[in-house]
Amino acid sequence: YDPKPDKVFGVAFRTKPESSTGVPHILEHSVLCGSRKYPSRDPFAHLLKGSLQTFLNAMTYPDRTVYPVASRNRADFRNLMDVYLDAVFHPRAVEEEGWWVLRQEGWRYDVIDDEDDGGRALATNGTKQRNLAGNSDRADFEFKGVVYSEMKGVYSNPESLLERSTQSLLFPDNSYHYDSGGDPAIIPTLTREEFVAFYKKYYHPTNARLFVAGDESDVYHALSVADRYMSPMGYNPQSRKDSVIHYQQRTFKQPVRERKPFAAAASEEGEDEESSEGHILCVTWLLNTQPLTPMMELAWVVLNSLLLGKSSSPLRLALEDSNIGEETIGGGLDDELLQSTFAIGMKGVKKREDVAVLEDLIMDTLHKLDSDGFSEDEIASSMNTIEFQLREGGGGLRGMEIFLSALAKWNYDISPKDALVYEDALKLLKEEIDKTGSNTFQQLIHDSLLGNNHRVVMELFPSTTLEADQVQDTKIQITRAKSKMSDSEYQHIIDEGIKLKILQETEETPEIIATNPALSISDIDPTPIEYPIHVEENAFKSGINVVSHEVASSGIAYVDFGLDVSMIPYEDAILLPSLISLLNEAGTSDMSAADFRNYVGKSTGGVYATLEIMSVKPTGWDDDIKVHPGVNMLTMLF
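Just so we're clear, the structure is a prediction, and the values are computed from it rather than from any experiment. (Residues numbered from 1 in each chain as written. Predicted model: local features only at pLDDT ≥ 70, side-chain atom pairs only at ≥ 80, totals over all residues. Heavy atoms only, no water.)

A word on the nonpolar core. If you look at the biggest cluster of nonpolar residues, it comprises 82 residues, and the most contacted ones within it are Tyr 67, Phe 141, Phe 195 and Tyr 203. Of the residues forming this core, the biggest block, 9 residues, is contributed by helix 3 (residues 74-89). Dropping the residues within four chain positions of it, Tyr 67 is found in contact with Phe 9, Gly 10, Val 11, Phe 13, Leu 27, Glu 28, Val 31, Asn 57, Ala 58, Tyr 84, Val 88 and Tyr 203. (Core = buried A, V, L, I, M, F, W, Y, C linked by side-chain atoms within 4.5 Å. Buried < 20%, exposed > 50% of the residue type's maximum accessible area, 1.4 Å probe, protein only. Helix = DSSP H or I, 4+ residues; strand = E, 2+ residues; numbered from the N terminus. Contact = heavy atoms within 4.5 Å.)

Shown next as structure tokens:
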């Protein structure tokens, strides 16, 4: 029972990338840099400081951009909602007054070592301006920008590089071929005209999805406010038509194989460059070329659990026990977009020749499962685990989970209800398993994995020279661009840089700051929330006290058993973390680890052990400021 649940509002746009300039990602940042009603350069930062928000963020997906907020306070919730609506429908970033936003949030040329005196001279000293206008005397530039810098970091992470490179190869013919976040090598090709055109094309109410979770008055208020923003903009069916995501067909006659370097630190003297960091291999399949039925979608979720869900799952176990690599990667099933994929691999593969061995191991394990199938216990355990997960949700803000989950269908003009209702699909899958047993999952492996050549086998190998090469490539890119600039274009960049720096260093006026919404004391309810707690002493005549609290949990009971282990000798306390690991991973005297995990999965939503150590004041300790001596502890095993 929660007397003050979170109120949630969200607006999402289907933003289909047409290049890897990162314009959807840059717009996600840019619309939150001031709007018509809230002109502050960073209302987002003001909200973070002066709000009771329980969620405040924005996210760019490969095919949608989402702006969700949440708060338990009604006045705060309405403030947040109004700021976000004004931001997405009336951003300063696409107006002339917001010229600076793309330069700050996206990318710009920045003068290297531009000190105040020299930089200002470019704008004030006419002689120096003319002298620097010649190509040979022009200042050195570098790329800067919030998103540009962020994506440089993303592309320097080997697993992110692998994921994005694989997606581009797996989808050669549709919009997933492009990186909506932006490729650092391509981001600097984005023009302001393209930036504004993308906004006007996709940020229209006709292409928007709005979500509200709260009580009746919250919903009516949200719809009324949204109507005031959206109705004046009219209806534009072309905006929705232009944003449609088309299916990638299976077109590969053979799997696509690619080797790419990733930046690695210099190896130790005498150590082979490629063995110092290890190779990375991942195999990724495109699963569907048309909508899956709800039952088949759920079957894939269960199969993913069967293959990878537990440490004893056969595909995961085969890879981890092989000692070929350090850790499994890929994540298995990804079903958040129009088309689902399945990816599995390992990082930290020390020997180049083991990369091929690893691919063979993956395929051989799938062949064996195609032939032998799964046991009844394995299937029952995974089915029960998935059913628990469906009932529980993700464990976060319930309204937020519903909104983000619904978009997995809603974004493609399918009823959002289809992403939330699972009972019929679950019933059909159970009936199918009763009739065919493991064959349901063996057929998926046979048809969509083993018999599917539309897959990418991506290998990344470490390179100690890649980072230097990329720096040199960027310098060449900038030099070429600079050589093509006219004197006026070059001077315009210099002047814009100075204006941006002045703007960023200038404090906003009190009048501008005052436009940011703020809560008053009267908006905040000082009454603490009291949760109904029931204490039953000597429950079931066991001598144990049971504390219970009723929650909305879809019929699931959550039970914690706390065992006082503080009587363990101090010198043995160091062994407690190892005990926790054994309790979570090992089997029992009459069950193997795999059998025990299946038993737990069939019977519960999960059984886990944790360790909690709490400091306790010594007897007579009455100083609340003085640090506890740390020798009195209450140790609990849950």
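This brings us to helix 1 (residues 23-30). Helix 1 sits mainly inside the fold: 8 of its 8 residues count as buried. For helix 1, the set of buried residues is Val 23, Pro 24, His 25, Ile 26, Leu 27, Glu 28, His 29 and Ser 30. Residues of helix 1 that are buried make contact with strand 3 (59-60), strand 4 (64-71), helix 4 (99-106), helix 7 (146-156) and helix 9 (192-202).

On to the sheet that holds strand 10 (residues 327-334). Strand order in the open sheet formed by 5 strands is 8-12-9-11-10, with mixed pairing between adjacent strands. Looking at the sheet topology across the chains shown, the edges are occupied by strand 8 (256-263) and strand 10. Neighbour-to-neighbour, the strand axes of this sheet turn through a mean angle of 15 degrees, independent of strand direction. In the sheet, strand 10 pairs with strand 11 (residues 341-349) via 6 bridges, with the strands oriented antiparallel. Bridge pairing in strand 11 links Glu 327 to Lys 347. (Pairing = 2+ DSSP bridges. Axes fitted to C-alpha atoms, helices over the stretch in contact; angles between N-to-C directions.)

All right, on to unusual backbone geometry then. A positive phi angle is found at Asp 413, which is not glycine, with a value near 65 degrees. Along the polypeptide, Asp 413 turns up in the loop between helix 17 (398-410) and helix 18 (423-436). One non-glycine residue, Lys 541, lies in the positive phi region at around 55 degrees. Its place among the elements puts Lys 541 in the loop between strand 13 (534-536) and strand 14 (546-548). Relative accessible area serves as the criterion here: at 77%, Lys 541 is assigned to the exposed category.

A few words on the packing of aromatic side chains. The relative placement of two aromatic rings is captured by the distance of their centres and the angle of their planes. The final tally for this structure, using the stated rule, is 17 aromatic pairs. With a centroid separation of 4.4 Å and an interplanar angle of 20 degrees, the aromatic rings of Phe 13 and Tyr 203 are classed as stacked. Pair noted here: Phe 13 is in strand 1 (residues 7-14) and Tyr 203 is in the loop between helix 9 and strand 7 (208-213), with a separation of 190 residues, a long-range link. Residue classification places Phe 13 among the buried residues on the basis of a relative accessible area of 0%. Residue Tyr 203 is classed as buried on the basis of its relative accessible area, which comes to 1%. Relative to Tyr 84, the ring of Tyr 67 lies with its centre 6.3 Å away and its plane at 80 degrees, an arrangement referred to as edge-to-face. (Phe/Tyr/Trp six-rings, centres within 6.5 Å; stacked < 30°, edge-to-face > 60°.)

Shape descriptors only; they carry no functional weight alone.
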